[in-house]
Amino acid sequence: MENNLLPLELKDVSYSYEPDAAPAVSHVSLTIAPGSFVAVLGHNGCGKSTLAKLMNALFLPTEGQVLVCGMDTATEEKVWNIRRHAGMVFQNPDNQIVANVVREDVAFGLENLGVPQAEMEKRIDAALAAVHMTDFADRAPHLLSGGQKQRVAIAGVLAMEPELLIMDEATAMLDPAGRADVLETVRQLNREKGITVLWITHFMEEAAQADRIVVMDKGSISMDGTPREVFSQVEKVKSLGLDVPPMAEMAMELRQGGLPLSNDILNVGDMLKELKQCLSKSSI
Amino acid sequence: MLRDITLGQYMPGNSLIHRLDPRTKILLTVLYIVMVFCVSSPVWYVIPLAYILLCAKLSGLRVRQLLSSVKPLRFLLILTFALNLFFSSGETTLIQWGFFRISKEGLMTAVHFSMRLIFLVTGTAVLTLTTSPIALCDGIESLLKPLSKIGFPSHELAMMMTIALRFIPTLTEEADKIQKAQMARGADFESGNLIKRAKAMIPLLVPLFVSAFRRAGELAMAMESRCYHGGEGRTRLRVLKFQKIDLWAALVSVAALFLTILCGKWIKL
Amino acid sequence: MPIQIEHLTHAYMPDSPFSAVALDDVCLTIEDGEFIGLLGHTGSGKTTLVQHLNGLLKPTSGRVVVDGLDITEKGVSLIEVRKKIGLVFQYPEYQLFEETVAKDVAFGPKNIGLSDEEIDRRVRHAIQLVGLNYDKIAERSPFELSGGQMRRVAIAGVLAMEPKVLILDEPTAGLDPAGRNSILNMIRNLHKESGITIIMVSHNMDDISTLATRLVVMSKGRMVLTGSPREVFQQRELLESVGLGVPQAAQLAEELIAAGYDIPQGLYTQEEVVEAILALHGKGAGAC
């Protein structure tokens, strides 16, 4: 029913933890297009996690307005509806799993919403299948790997059939295999089910996979664009305490050394293609 | 080390007893306790004995498993036996040895009370061996539900139990890790007297509590974001249902209880 | 103070149906002053291995000899071993417990029974080694510090034991790029200035390639590869088969060689590869 509405809209949002303190988020305006995969990138303490919590009414803005599928998070009676539409996965995999069996944890949100039992079974099976955890349905969560736990948490959100999936540094505590695994799962959900994704992270490799990157610094948005647009500004990204893809950095150094490389290089493939064009075969 | 602590003693299975509704099992355990207390003379323990053996047979548990549940209580058992043996008054003296005197009545009481303890423990072990902690939680919640009308927090209690069960393995693992980290800094958890050892626990307990509080805060936020707002209007994935076998189990148990009471009353030995 | 690991095997719960071999016949000698990068993905046995080096775990078979002393033998004073070999666990900030930073850092030195003056000297030194200001931080509660500062305090707590070998289990886990770089720089300086032997567990190739003098690659409880970064990164196929990669710069260099360009073998740092490409470009003088 809300398909024609924007999944998320922030209008000049500010938030302070205490009345006199400096705002953790200050004057952020942001519109997320339906079906997009947007990364919010920033170092620790830049306000990105606070921003996430404003997006499903865990925090309410001190100033401005947050709209989830057109609903204002400040409207108290809509809060459960907002949280159903904007599902959130948190950083620590252990601290968001409630039940002792995987399928019962996936059921938790549905139980809270009062979904009838027969309907629940269907939604749980679908959610577990979507994150490829069907075989683990009857396992105890504490025996799973970090990446698997996060996929269970995603299934728990997915079962509530949200429009928007907010990943609040959900890979920060995982090993590289777990990170890749969770990212791939979410990208697939975005591609195949059209779920809008907001991917909050400090890993540039992950942000580079998004359609759009919003870089946060000191509570405000300091850059906004496609991965190529953002990472071509190597010096600026680095000055914000972030990494750039190694190939983007090398491309900049090679340009400074006189090679005519474009601004679009993000990975080894890009680099190889351009180098082959500009290093003459005579130098072989 | 700490990792070796297992939770409860549940033996997974799919026997008739395993499949009983947890509420049936809890109520029947209460009934069984009444039955054991109704036994008037040691001879009539034959009825609960038959009952337990039947349970063991139907649940696929070995008698040895049931008896091993008595092991932690062996000192209490010996004490019960000894106190009743030496300090019961009775007329027929069996052995007189200085101050100590053992009477026939004393011996009977000692046997009686010890048997009672053994039967109580093995019987409740049938419950905990065949019912998962989660099912127990559900059963208790459901049985306590009528009390929520008078303000008893039955849902909250059950949620607390579920979360406790969920986090015991996580915190155990964490305790193990912290202990190792402190040992790497030369901490000694194993030697010294009681006070010294208690003091040595501080570097383990403080981080563990700090972490438990942090986890609690994060969990609360995660639960809220998944629309948790108390027990009101909540549906459940697992719905408890009484079935025919529950009825049969109840009938058999009630019959056994009556038999115990009647035997004690009418047949004097 | 060399460490010799001889045929080390460790099985968890050896007599149960859950038995799992975590280490399988590992042999390795670590010399003084080395900076070892211990690589492998989760479950490869890295953490189990380092916990044997200071006696926290006992092997099922095999020996660990530190400075000529077999620490796996019964009756060895483990305190003596732990004085020599410091171990910093993953997320070490979760072990802080004292009221003040200074007291927490003093915990280790106290356990090994040093005099008050010596403890004070070591606490000051250790806090300074991890790049914190003693006067500013010593009397503060460790729980009100930032995440990165807490981690430094925890590392100081191990350094205050003045070990000859420092083992760090993923010291940068969970940190953002700035936090990670500053911890890595601290470790680099520590190795350079104090000459202490360092063993760092990591699964980040890019981090480790610029720090370590030697890499040790683990997979499924076995040591599958060891050598200088240059040697190890030439085994790209083997590394990929155990779930690891090579730094992107090394990958680029290899691809260029495969495409027929004249680039030296075994380059892996960004600087080297940039330099090689520019040299190539210069040779072809304005070839584009």
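Here the structure is a predicted model, which means the values were calculated and not measured. (Residues numbered from 1 in each chain as written. Chains lettered and ligands numbered in written order. Predicted model: local features only at pLDDT ≥ 70, side-chain atom pairs only at ≥ 80, totals over all residues. Heavy atoms only, no water.)

Visitor: What is the right way to look at the nonpolar core in this model?
Guide: In this structure, I154, L165, M167, V186 and F231 of chain A are the most contacted members of the largest nonpolar core, which totals 57 residues. Sort the elements by how many residues they give to this core and helix α5 (residues 146–158) of chain A lands first, with six residues. If we skip the residues at most four places from it in the chain, V186 of chain A touches F37, I154, L165, M167, V197 and W199 of chain A. Membership of the second largest hydrophobic core comes to 52 residues, among which are A106, V130, A156 and L215 of chain C. (Core = buried A, V, L, I, M, F, W, Y, C linked by side-chain atoms within 4.5 Å. Buried < 20%, exposed > 50% of the residue type's maximum accessible area, 1.4 Å probe, protein only. Helix = DSSP H or I, 4+ residues; strand = E, 2+ residues; numbered from the N terminus. Contact = heavy atoms within 4.5 Å.)

Visitor: Quick question: what am I supposed to make of helix α1 (residues 46–53) of chain C here?
Guide: Quick reminder: α-helices carry 3.6 residues per turn. Residues three or four places apart thus point the same way. Where burial is concerned, most of α1 of chain C is hidden: seven out of the eight residues are buried. If you check which residues of α1 of chain C are buried, you get K46, T48, L49, V50, Q51, H52 and L53 of chain C.

Visitor: Where do I start with the packing of aromatic side chains in this structure?
Guide: Within a pair of aromatic rings, the relevant descriptors are the distance that separates the centres and the angle that separates the planes. Taken as a whole, this structure holds ten aromatic pairs over all chains when the rule is applied. Each ring, one from Y45 of chain B and one from F119 of chain B, has its centre 5.1 Å from the other, and the planes form 10°; the classification is stacked. With a gap of 74 residues between them, Y45 of chain B in the loop between α2 (22–38) and α3 (46–59) and F119 of chain B in helix α6 (residues 104–130) connect regions that are remote in the sequence. You'll find Y45 of chain B and F119 of chain B in the same group, each marked buried. Plain terms: the ring middles of Y91 of chain C and Y94 of chain C are 5.9 Å apart, the flat faces sit at 10° to each other, and that makes the pair stacked. (Phe/Tyr/Trp six-rings, centres within 6.5 Å; stacked < 30°, edge-to-face > 60°.)

Visitor: Teacher, can you tell me more about the interface of chain C and chain B here?
Guide: A common measure of how large an interface is: the accessible area buried when the components associate. Residue-level contacts link 20 residues of chain C with 17 residues of chain B. Buried surface at the junction of chain C and chain B, summed over both partners, amounts to about 1700 Å²; 63% is from carbon and sulfur atoms. A per-residue breakdown of the area chain C buries against chain B is headed by Y94, Q95 and F97 of chain C, which together make up 32% of the total. Linking chain C with chain B are one salt bridge. R185 of chain B is paired through a salt bridge with D104 of chain C; the nearest N and O atoms lie 3.0 Å apart. At the level of secondary structure, the elements contributing two or more residues to the side of chain C that touches chain B comprise α2 (78–84), α3 (101–111) and α6 (147–159) of chain C. Considering every element that reaches the side of chain C that touches chain B, the biggest residue donor is α3 of chain C, with four residues. Its residues assigned to classes, the side of chain C that touches chain B shows twelve nonpolar, six polar and two charged. (Buried area = accessible area lost by both parts, 1.4 Å probe. Salt bridge = Lys/Arg side-chain N within 4 Å of Asp/Glu carboxyl O. Nonpolar A, V, L, I, M, F, W, Y, C, P; charged D, E, K, R; others polar.)

Visitor: Help me out: how do you make sense of the pairing of strand β3 (residues 35–39) of chain C in this one?
Guide: Two faces, one strand: in a regular strand the side chains alternate between the faces of the sheet. Residues and elements named next belong to chain C. Where burial is concerned, most of β3 is hidden: five out of the five residues are buried. Burial of the side chains of β3 extends over both faces: F35, G37 and L39 are buried on one face and I36 and L38 on the other. Pairing geometry for β3 and strand β8 (residues 197–202), over five bridges, is parallel. Residue G37 lies in a different strand from β8, and its bridge partner there is M200. As defined by bridge partners, β3 adjoins strand β9 (residues 214–219) across four bridges and the pair is classed as parallel. Looking at β9, one finds that L38 is bridged to V216. (Pairing = 2+ DSSP bridges.)

Visitor: Would you take a moment to explain the interface of chain A and chain B for this structure?
Guide: Every contact between the two is made by 38 residues of chain A and, on the other side, 28 residues of chain B. On the chain A side of the interface with chain B, the three residues burying the most area are N95, N100 and N112 of chain A, jointly 21% of the side's total. The interface formed by chain A and chain B contains six salt bridges. For R236 of chain B, the salt bridge goes to E111 of chain A, with nearest N and O atoms at 3.2 Å.

Visitor: Teacher, can you tell me more about the pattern of salt bridges here?
Guide: It is possible for side chains bearing opposite charge to pair when their charged atoms get close. Enumeration according to the criterion identifies 47 salt bridges over all chains in this entry. Between K48 of chain A and E169 of chain A there is a salt bridge, with the nearest N and O atoms lying 3.7 Å from each other. Of this pair, K48 of chain A sits in helix α1 (residues 48–54) while E169 of chain A sits in the loop between β7 (164–168) and α6 (176–193), and the two are 121 residues apart along the sequence. Just as K48 of chain A is buried, E169 of chain A falls in that class too. Salt bridges linked by common partners bring E104 and E111 of chain A together with D138, E141, R234, R236 and R238 of chain B together as one network.

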